[in-house]
Amino acid sequence: MDNKRDLLDMTFEELNGALIALGYPAYRAKQVHQWLYSGQLDINSMTNLPKDMRERIADQFIAGGLKIAKKLISKIDGTRKYLFELKDGNIIESVLMKYHYGYSVCLSTQVGCRMGCAFCASADLGMIRNLTVGELLAQILVIGHDIGERISHLVLMGIGEPFDNYDNVLEFMRRINREDTLNISFRKMTVSTCGIVPRILEFAREGIPVSLSVSLHAPNDEIRQRIMPVARRWSLDELLSACREYTKITSRRITYEYSMIENVNDSLECAGVLAEKLKGTLCHVNLIPVNRVEGIAFSKSSRKRIEDFKYTLEKYGIPVTVRRELGSDIMAACGQLRRNNIT
Ligand code: SAH
């Protein structure tokens, strides 16, 4: 692996400084910057730069370093799953979804994950490394360029735990929010965490109106610890109290993700206990029928179980939705992303 600097890791000011150091006039950085955020990451195709300049830049820098290794398009709903090869040969996955309000991407934040949730396909990969700001950016830029459309929404729910790569994730979100980059509003970004308590409290103080999802998946410590190792580090009470603090500081509604696993966390008793804990808080519960993952024995709850669970929460005045499943024919659903099938 070579150690070329990544143009996408740099702020505009840093890019400008680097090109001036190479002897180029200031307007050149602006041109390169425009190309990058238009999704053109092939330096040799930046056609308004002189050829020798393109060669010199390509010699010294990379732009994201991602290659599309594979692309799968769902026949059911057009959802696309991209497998990207990183500059060091590692593979990550990202998903593009089309909604009535626009295009949304689901991005990976790490190569692998060290959280070890029992129902998740990314768990057994272990954690290899964090993605850089440039690699976070490149996922959305390459996909936008590939489809030739503006991407308006983004969720950080792919492989990895975003709050385990906190600084890069925050820098990335601030970067794409800028008017001279992708101009994506913070309100159209969602970050999802398995519940790293100190980071939730830190995130509350960042002063950016990004939506927060918390993966709860259980109404008590006993069940939560069984399926989510992170629950041994912070109890459910500690987690929910951090969430209340988050809401107090930001006045923002938290979405609790709850994957419905047959005979594990889907009883009416579970629903009642959960409702007691969440009632009166500013929240929304998203029930996800757990997705099948090869080699994992969990089954999804029946429709009826999910409806009954939903009804119990609603009786307590808690807003609940059942997650629509997109891309089920290409293994693009929650928890199914993993760096496999590449040889
Ligand atoms: N690490 C972060 C974000 C990545 S996972 C987090 O834990 O929130 C995005 C969501 O998919 C999480 O709520 C996660 O718990 C859920 N998930 C993982 N595997 C799943 C599966 N097999 N079926 C349904 N949801 C799953």
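None of the values given here were measured: they were computed from a predicted structure.

> So what's going on with the site of the ligand? Which residues, and what values?
Surveying the vicinity of the ligand reveals 20 residues, the closest of which are F119, S192, S215, H217 and N291. A distance of 3.0 Å is found between a nitrogen atom of the ligand and a backbone nitrogen or oxygen belonging to G160. Within the side chain of S192, an N or O atom sits 2.6 Å from an oxygen atom of the ligand. Here the ligand loses 96% of its free accessible area of 530 Å² to cover by the protein chains. Put simply, the parts of the chain that give the shell around the ligand at least two residues each are β10 (189–193) and β12 (254–260). Tallied by class, residues from the shell around the ligand come to 9 nonpolar, 9 polar and 2 charged.

> Talk me through the side chain of H33; I want residue IDs and the actual numbers.
Relative to the helices and strands, H33 is located in helix α2 (residues 26–37). Exposure remark for H33: the relative accessible area of 8% places this residue in the buried category.

> Now, about the side chain of T79: what can you tell me, with residues and values included?
Here T79 is to be found in the loop between β3 (67–73) and β4 (80–85). According to the relative accessible area criterion, T79 is buried, its value standing at 1%. Among the polar contacts made by the side chain of T79, one reaches the side chain of D77 at a distance of 2.5 Å. Excluding anything up to four places from it in sequence, T79 contacts L72, I73, S74, V95, L96, M97, L326, G327, I330 and A332.

> Give me the domain arrangement of the protein chain: which residues, what numbers.
Domain boundaries in the protein chain define domain 1 (5–62) and domain 2 (66–330). Its C-alpha centre places domain 1 at a distance of 34 Å from the equivalent point of domain 2. Listed as interface residues are 14 residues of domain 1 and, on the opposing side, 16 residues of domain 2. Here domain 1 and domain 2 share an interface that buries about 1100 Å² over both sides, 59% of which is from carbon and sulfur atoms. Three residues, L8, D9 and Y37, lead the burial of domain 1 against domain 2; their summed loss comes to 45% of the area buried on that side. Scanning the region where domain 1 abuts domain 2 turns up 0 salt bridges.

> How would you explain unusual backbone geometry if you had to name every residue and give the values?
In this model, N183 sits at a positive phi of 55 degrees, which is unusual for a non-glycine residue. Within the secondary structure, N183 sits in the loop between α5 (166–177) and β10. A positive phi angle is found at S251, which is not glycine, with a value near 55 degrees. Within the fold, S251 resides in the loop between α9 (236–250) and β12. A residue is classified by how much of its surface remains accessible, and S251, at 57% relative accessible area, is exposed.

Cut-offs used in this document
Sequence order sets the numbering: in each chain, residues are counted from 1 along the sequence as written. Restriction of local features to residues with pLDDT of at least 70 applies here, the model being predicted, together with a cutoff of 80 or more for giving and counting side-chain atom pairs; totals for whole chains, interfaces and linings are based on all residues. Heavy atoms throughout the structure, all of them, feed into the side-chain values; hydrogens and water do not. Put simply, a residue is near a molecule or strand once any heavy atom of it comes within 4 Å of that molecule or strand. We define a polar contact as two N or O atoms separated by no more than 3.5 Å, with the added condition that, inside protein, one atom must be a possible hydrogen donor and the other a possible acceptor, whereas residues neighbouring each other in sequence contribute only through side-chain atom pairs. For the accessible areas, the method is Shrake-Rupley and the probe is 1.4 Å, while residue cover comes only from the protein chains on display. Numbering goes from the N terminus for both helices and strands, where a helix is a DSSP run of H or I of at least four residues and a strand is a run of E of at least two. All amino acids are sorted into three groups, where Ala, Val, Leu, Ile, Met, Phe, Trp, Tyr, Cys and Pro are nonpolar, Asp, Glu, Lys and Arg are charged, and the leftover types, Gly among them, are polar. Each residue is assigned to one of three classes by its accessible area relative to the maximum for its type, calculated with a 1.4 Å probe on protein chains only: buried under 20%, partly exposed between the two thresholds, exposed over 50%. The contact rule is simple, with two residues in contact once any of their heavy atoms fall within 4.5 Å. Residue ranges for the domains trace back to a domain assignment, done automatically or taken from a database. Accessible area, probed at 1.4 Å, shrinks when two parts are joined; the buried area is that loss added up over both. We count a salt bridge whenever a side-chain nitrogen from Lys or Arg sits within 4 Å of a carboxyl oxygen from Asp or Glu.

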